[in-house]
Amino acid sequence: MEDKELNLVDHLEELRKRIIISALAFVAFFIVGFIYVDDIYKWFVGDQKLMVLGPSDIMWIYFMLAGVVAIAATIPVLALQIWLFVRPALRPVERKITLSYVPALFLLFICGLAFGYFAIFPMVLNFLINIGQDMFVTNFTAERYFRFIMNMTLPFGVLFELPVVVMFLTSLGIINPFVLAKIRKYAYFVLIIIAVVITPPDFMSDFVVTLPLLLLYEISINLSKFVYRKRLKKQQETEQDEENEEAIEV
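This is a predicted model, so every value here is computed, not measured.

Attention now moves to the packing of helix H3 (residues 55–86) against helix H5 (residues 101–132). It is at 8 Å that the axes of H3 and H5 come closest, and there the two elements cross at 155°. Accordingly, the angle class assigned to the pair H3 and H5 is roughly antiparallel. The chirality of how H3 crosses H5 is right-handed. Seen from H3, the contacting residues are Ile-71, Ala-72, Ala-73, Ile-75, Pro-76, Ala-79 and Leu-80; seen from H5, they are Val-102, Leu-105, Phe-106, Phe-109 and Ile-110. Here the contact of H3 with H5 is composed, by residue class, of twelve nonpolar, no polar and no charged.

What follows concerns the confidence of the model for the protein. Detailed reading of predicted coordinates is not advised where the pLDDT is low. Overall, the predicted model of the protein reaches an average pLDDT of 83, with 90% of residues at or above 70. Averaged over each element, pLDDT in the protein is lowest for helix H4 (residues 92–99) (75) and highest for helix H8 (residues 177–182) (91).

So, on to the pattern of salt bridges. Side-chain pairs of opposite charge can arise where the charged atoms are in close proximity. All chains considered together, the criterion is met by four salt bridges. Here Glu-143 and Arg-147 are joined by a salt bridge, their closest N and O atoms 2.5 Å apart. Of this pair, Glu-143 and Arg-147 both sit in helix H6 (residues 142–159), four residues apart, which is roughly one turn of that helix. Judged by relative accessible area, Arg-147 falls into the partly exposed class, the value being 32%.

This paragraph deals with the nonpolar core. Grouped together as the largest cluster of nonpolar side chains are 33 residues, with contacts concentrated most on Phe-121, Phe-146 and Phe-156. For this core, the secondary-structure elements that each account for two or more residues are helix H2 (37–45), H3, H5, H6, helix H9 (184–198) and helix H10 (203–249). Setting aside chain neighbours within four positions, we find Phe-146 in contact with Tyr-41, Phe-44, Val-45, Leu-50, Trp-60, Ile-61, Met-64 and Leu-65. Counting twelve residues, the second largest nonpolar core, distinct from the first, contains Val-102, Phe-109, Val-164 and Phe-168.

Next up on the list: the packing of H3 against H6. H6 packs onto H3 with a crossing angle of 20° between their chain directions and a minimal axis gap of 9 Å. One element, H3, and the other, H6, form an angle in the roughly parallel class. Considering the relative orientation of H3 and H6, their crossing is left-handed. In contact with Asp-57, Trp-60, Ile-61, Met-64, Leu-65 and Val-68 of H3, H6 contributes Ala-142, Glu-143, Phe-146, Arg-147 and Met-150. Partitioning the contact of H3 with H6 into residue classes produces eight nonpolar, no polar and three charged.

Parameters at a glance
Residue numbers restart at each chain and count upward from 1, following the sequence in its written direction. Per-residue local features are limited, in this predicted model, to residues with pLDDT of at least 70; the limit for side-chain atom pairs, both in listing and counting, is 80 or more; totals at the level of whole chains, interfaces and linings are taken over all residues. Only hydrogens and water are set aside when side-chain values are computed; all heavy atoms of the structure are taken into account. Think of each axis as a best-fit line through the C-alpha atoms, taken over the contacting stretch in the case of a helix, with angles from 0 to 180 degrees between the N-to-C directions. Only runs of H or I of at least four residues qualify as helices and only runs of E of at least two qualify as strands under DSSP, and these elements are numbered from the N terminus. For classification, angles of less than 35 degrees are called roughly parallel, those exceeding 145 degrees roughly antiparallel, those between 65 and 115 degrees roughly perpendicular, and all remaining angles oblique. Each crossing gets its hand from how the near helix is turned against the far one by less than a right angle, where anticlockwise is left-handed and clockwise is right-handed. For this analysis, residues touch if any pair of their heavy atoms sits within 4.5 Å. For this classification, Asp, Glu, Lys and Arg are treated as charged, while Ala, Val, Leu, Ile, Met, Phe, Trp, Tyr, Cys and Pro are nonpolar and the rest, including Gly, are polar. Every residue gets a pLDDT, meaning the predictor's confidence in that residue, from 0 to 100. Take a side-chain nitrogen of Lys or Arg and a carboxyl oxygen of Asp or Glu: if they are within 4 Å of each other, that pair is a salt bridge. The cut-offs for exposure are 20% and 50% of the maximum accessible area for each residue type, with area from a 1.4 Å probe on protein chains only; residues under the lower value are buried, those over the upper are exposed, and the others partly exposed. We define the nonpolar core as a collection of buried residues of types Ala, Val, Leu, Ile, Met, Phe, Trp, Tyr and Cys that are connected through side-chain atoms lying within 4.5 Å of one another.

What follows is the structure, encoded as structure tokens:
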């Protein structure tokens, strides 16, 4: 009983250590983002002047831009800390395979942000401006403008992580491709709802967003199958080696 309690304490202490390291990394990247927030702001808006309604809006822009930079940069650090936490429970081969997911998480997050910013954001913004151009004068506040960008990009950054997350969970034996295939129609329904909610109410916009999301899910299933087969093969090889060792000992 005491051994189990000590083991639990060790795990909690290790988890606490990983959380602290991730939090410190976030703070460090946030400070870096805060320092270079002027350059980030100019990259987004160019020479365009946006309005602010009060001093607090200025600080909100600084914190929001620095926060997005910190989130993006902290993802590989967080993924590495998660890997280090579960590493003792993995076989040497599994450790090598799952470690490769760390850079993939960061790259897919950046791809998701890029898809949201370069594909979805201009499409939705132009649609909203066009439907009101005969009725309203469009002057944007900095806070509303950047909040809109964040709403159009961050969800895709998260959704684009799906294939790597599925591969990682499959390699740990938490999920398998058969479960993913079984719930496909429910997953499709959820993804279509997400696409419809975040895009303008026209078929083309819904299609442009829905198609990549459904494709991501299908890619996730196929990658899960690949990882699952390799995992089964490794398990069979391990069991065969153990049987051979027992036969030699006998």
